[in-house]
Amino acid sequence: MGNADIIREHYAASDRGDLDGMLAPFAPDVRWTEAAGFPYAGTYIGPDAVAANVFRRIQEDWYDYTVAIDEVIDAGDVVVGIGTYSGTFRRTGRFFTARVAHVWRLTDGEVVAFEQFTDTELVARALRD
């Protein structure tokens, strides 16, 4: 299985709500970076930190949060996913949609780094009363 296939499997697990499947390709010391200005901004080290600080918080904070990836670009040890985020923030009831790019870095079939790029202002508008 190639690196792009590994990332496609991660996205497929996300679509199924399969947290274990999402975390399966992560190296023990994966560095996961959420964009500055995003509600979960920061860099998290390790699968457990990513699950607790990103994936579980998204489930708690949003209704129908979706990551719809349109394109996966295979550049060998770097894979880029391009798509759209959408969801409704529970506290405000506000919906958002924003384009997103994910940059994945893999070594020996494991995700060692992830970085998110998105229009954080579009997300922030959903958070505001």
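What counts and how
Residues numbered from 1 in each chain as written. Predicted model: local features only at pLDDT ≥ 70, side-chain atom pairs only at ≥ 80, totals over all residues. Heavy atoms only, no water. Pairing = 2+ DSSP bridges. Helix = DSSP H or I, 4+ residues; strand = E, 2+ residues; numbered from the N terminus. Phe/Tyr/Trp six-rings, centres within 6.5 Å; stacked < 30°, edge-to-face > 60°. Lys NZ or Arg CZ within 6 Å of the ring centre and 35° of its normal. Expected span 1.5 Å × (residues − 1). Buried < 20%, exposed > 50% of the residue type's maximum accessible area, 1.4 Å probe, protein only. Polar contact = N/O pair within 3.5 Å; in protein donor to acceptor, adjacent residues only side chain to side chain. Contact = heavy atoms within 4.5 Å. Salt bridge = Lys/Arg side-chain N within 4 Å of Asp/Glu carboxyl O.

The protein chain appears in an unreviewed UniProt entry as Nuclear transport factor 2 family protein from Microbacterium maritypicum.

A. Geometry of the pairing of strand 3 (residues 62-75). Of the strand pairs in this sheet, strand 3 and strand 4 (residues 78-89) are connected by 11 bridges, and their pairing is antiparallel. The partner of Val 67 across the bridge, within strand 4, is Tyr 85. Counted along the chain from strand 3 to the antiparallel partner strand 4, the turn is two residues long, and its residue Gly 76 has a positive phi close to 80°.

B. Local environment of the packing of aromatic side chains. Throughout the structure, instances matching the rule amount to 14 aromatic pairs. Summarising the aromatic geometry, the rings of Phe 26 and Trp 32 are spaced 5.5 Å apart at their centres and angled 40° between planes, so their arrangement reads as tilted. One aromatic cluster is present, formed by Phe 38, Tyr 40, Trp 62, Tyr 65, Tyr 85, Phe 89 and Phe 96 through successive ring pairs. Its end group placed over the ring of Tyr 63, Arg 90 keeps NZ or CZ at 4.2 Å from the ring centre.

C. Examining helix 1 (residues 3-16) more closely. Taking 1.5 Å of rise per residue, the 14 residues of helix 1 would be expected to cover 20 Å, and the 20 Å separating its terminal C-alpha atoms lies within 8% of that figure. Among the residues of helix 1, Asn 3, Ala 4, Ile 6, Ile 7, His 10, Tyr 11 and Ala 13 are the ones counted as buried. Where helix 1 terminates, the next one or two residues include Gly 17, which has phi positive at roughly 75°.

D. The side chain of Asn 3, seen in detail. Locating Asn 3 in the fold gives a position in helix 1. A polar contact of 2.9 Å, which involves the side chain of Asn 3, links it to the backbone oxygen of Gly 76. Setting aside residues up to four positions removed in sequence, Asn 3 forms contacts with Gly 76, Asp 77, Val 79, Leu 106 and Gly 109.

E. Spatial organisation of the pattern of salt bridges. This structure, assessed with the given rule, holds six salt bridges. The residue Asp 5 makes a salt bridge to Arg 8 at a minimum N-O spacing of 3.2 Å. Taken together, the residues Asp 5 and Arg 8, both in helix 1 and three residues apart, mark about one turn of the helix. In this structure Arg 8 comes out as partly exposed when scored by relative accessible area, which is 40%. Of the charged contacts in the structure, one is a salt bridge between Arg 125 and Glu 121, with a shortest N-O distance of 3.4 Å. You can see Arg 125 and its partner Glu 121 sitting in helix 4 (residues 120-127), four residues apart, about one turn around the helix. Judged by its relative accessible area of 33%, Glu 121 is partly exposed. Among the ionic contacts, a cluster of salt bridges with common partners joins Glu 121, Arg 125 and Arg 128.

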